[in-house]
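Structural overview for review
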Amino acid sequence: VVNPDVSLPAATVEAQEIGTMFPQAMVLLGDEATLDKVKSESRKSFLHLATHGILNKEDPNLTYLVLGQGQKLDIGEIAGMDLTDVRMVTLSACETALGEDPSSQGELTTLADAFGFAGCPTVTASLWQVSDDSTKVLMETYYRELKGGAAPAAAMQTAQKTLIANEDTRHPYHWAPFLLIGDWR
């Protein structure tokens, strides 16, 4: 799922590049990225969502990913999906691992939590608002490494080192927001 509201030009290039790495990939661009299509394609090995993550700190149930045609994929909708056949979900979007402390509430409070609850063993998510341009570089490198056989943790490390090596993206803002949740191997 990529750039459903056409405000993320680098995310479009990111998803198209990642799509070329996987010949069986389906890229849902812009208005094609509807809730029905996302759900129907949720049996793939990898789900990559390059979109906006909208965090609602007061009510986590109102946190969502932006989809095409003005639609939303919220925590409840995600938690109700069956993602047991999905190896990894990548949330290439802002604040997808950020939420309130669930220990006192006993509920899902982040988008990443919801994907794990739905059965996905590995979720890549972000802790803060991210740069469209540097995220593109990080994600393309991450997937190239995964495609080459690297474990998710090693692939992420290589992608982060790529950004650290560039003077323009050396600051942790660019390379440190994404983390792996669940099975990192």
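Since the model is a prediction, treat every value here as computed from it, not as a measurement.

Here we come to the pattern of salt bridges. Applying the stated criterion to the full structure yields 6 salt bridges. Where Glu41 meets Lys44, a salt bridge forms, and the shortest distance between an N and an O atom there is 3.2 Å. The salt bridge partner of Arg43 is Asp85, with a shortest N-O separation of 3.5 Å. Of this pair, Arg43 sits in the loop between α2 (35-40) and β1 (46-50) while Asp85 sits in the loop between α3 (75-79) and β5 (88-92); the two residues are 42 residues apart in sequence, bridging distant segments of the chain. Judged by relative accessible area, Arg43 falls into the partly exposed class, the value being 48%.

A word on the layout of surface pockets. With a probe scaled to a water molecule rolled over the atoms, the places where space remains empty come into view. Its volume calculated, the largest pocket comes out at about 470 Å³. Of all the elements in the fold, those that place two or more residues in the lining of the largest pocket are α1 (9-21) and β1. Residue contributions to the lining of the largest pocket peak at 4 residues, all from β1. Tallied by class, the residues present in the lining of the largest pocket amount to 16 nonpolar, 4 polar and 2 charged. Among the residues making up the lining of the second largest pocket, the classes are represented as 6 nonpolar, 2 polar and 3 charged.

Rules used throughout
Residues numbered from 1 in each chain as written. Predicted model: local features only at pLDDT ≥ 70, side-chain atom pairs only at ≥ 80, totals over all residues. Heavy atoms only, no water. Salt bridge = Lys/Arg side-chain N within 4 Å of Asp/Glu carboxyl O. Helix = DSSP H or I, 4+ residues; strand = E, 2+ residues; numbered from the N terminus. Buried < 20%, exposed > 50% of the residue type's maximum accessible area, 1.4 Å probe, protein only. 1 Å grid on protein atoms, 1.4 Å probe; cavity = no way out; pocket = protein on both sides within 12 Å on 5 of 7 lines; lining within 4 Å. Points joined across faces, edges and corners; volume = space filled by probe spheres on them. Nonpolar A, V, L, I, M, F, W, Y, C, P; charged D, E, K, R; others polar.

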